[in-house]
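A look at the structure
Here's the letter readout for the chains.
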Amino acid sequence: MNDTQVERYARHIILEHIGIKGQKKLLNSKVLIIGAGGLGSPVALYLAAAGVGTIGIADADVVDLSNLQRQVIHATKDIGIPKVVSAKEKMLAINPDITVNTYQTFINKDNIKNIIKEYDFIIDGSDNFATKFLINDACVLLKKPFSHGGILRFTGQSMTILPGKSACYACVFDSPPPLESTPTCSSAGVLGTIAGMLGTIQATEAIKYLTGCGELLSDKLLIFDALEMDFDKIDIKKNQECRVCGKDGIKELIEYETQECDLK
């Protein structure tokens, strides 16, 4: 690292569990963020600041006024601009040394494997169950570790999946709920700060995985309720009969029916 980088990352470097070695790992790592919204915003900002060398960000939408209550990477001037373009601008403003790859597209079964294959860790910041299950399926097939996150109203949940080692998303939730059976953030609402709380947890999981420090949320489901400020961590187990990662698991991807803005 050069002198400027040593100064920029000084607070990481003095940490016993990261140090120069860990910071170099971050600089040489690649993380993909799927979703540049409520969860993707804090993840993108903090991973850029942390010096993750290559960050991909995938989102097909443009910035809308209603996004600004929680999607802190975007500003009023960005309304109408593709979210990935807006996000890249802010990330490079924080840290011009990193590389930001943008994918202005809807993630589907035909493109996801090609997009995630080059990355070391995946962040699920998507806003619907269909995409969440597709991310899980693709990461299991390609053996890509990833962080799941979901928020609604005043609550959030997260778990980190290590394919082949830990329980996957489908081990816990099996399959998407029927369409229209669950509220959406547009109909039920979401406290803006919840996105920041959970997004920073997901960013922390990525940094921990990349540097090898600490204990990940693998085989654990973290749930919090901000109204009471209660946090619970539930132990979960890999399901040997899981339709995705079990002994007779999936061999190819399927497209799930989608309902917009389920958990974001």
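Quick look at the structure, then. (Residues numbered from 1 in each chain as written. Predicted model: local features only at pLDDT ≥ 70, side-chain atom pairs only at ≥ 80, totals over all residues. Heavy atoms only, no water.)

Attention now moves to the sheet that holds strand 4 (residues 121-124). The strands that make up a sheet are held in pairs by hydrogen bonds between backbone atoms, and each pair lies either parallel or antiparallel. As summarised here, the arrangement of the eight strands in space is 3-2-1-4-5-6-7-8, forming an open sheet in which the pairing is mixed. Two strands bound the open sheet, and with one partner strand each, they are strand 3 (99-103) and strand 8 (230-235). Pairwise comparison of adjacent strand axes, ignoring direction, gives a mean angle of 15° for this sheet. Bridge analysis of strand 1 (residues 30-34) against strand 4 gives four bridges, and the strand direction is parallel. Looking at strand 4, one finds that Leu-32 is bridged to Ile-122. Along the sheet, helix 4 (residues 40-50) makes contact with strand 1, strand 2 (54-58) and strand 4, crossing strand 1 at roughly 165°. (Pairing = 2+ DSSP bridges. Helix = DSSP H or I, 4+ residues; strand = E, 2+ residues; numbered from the N terminus. Axes fitted to C-alpha atoms, helices over the stretch in contact; angles between N-to-C directions. Contact = heavy atoms within 4.5 Å.)

It is worth spelling out helix 5 (residues 83-94) at this point. Taking 1.5 Å of rise per residue, 12 residues should cover 16 Å, and helix 5 covers 17 Å from first to last C-alpha, within 8% of that figure. For helix 5, the set of buried residues is Lys-83, Val-84, Ser-86, Ala-87, Lys-90 and Met-91. Down the axis of helix 5, the smallest arc covering the buried residues is 160°, so these residues share one side. (Expected span 1.5 Å × (residues − 1). Buried < 20%, exposed > 50% of the residue type's maximum accessible area, 1.4 Å probe, protein only. Arc of directions from axis to C-beta.)

With that settled, consider the packing of helix 3 (residues 19-27) against helix 10 (residues 192-211). Two elements in contact, helix 3 and helix 10, have axes whose closest approach is 9 Å; the angle formed by their N-to-C orientations is 110°. Looking at the two axes, helix 3 sits roughly perpendicular to helix 10. Of the two elements, helix 3 crosses helix 10, and the hand of that crossing is right-handed. Contacts between helix 3 and helix 10 involve Gly-22, Lys-25 and Leu-26 on the former and, on the latter, Ile-207, Leu-210 and Thr-211. Residue classes in the contact of helix 3 with helix 10 are distributed as three nonpolar, two polar and one charged. (Parallel < 35°, antiparallel > 145°, perpendicular 65-115°, else oblique. Left-handed = near helix turned anticlockwise from the far one by under 90°. Nonpolar A, V, L, I, M, F, W, Y, C, P; charged D, E, K, R; others polar.)

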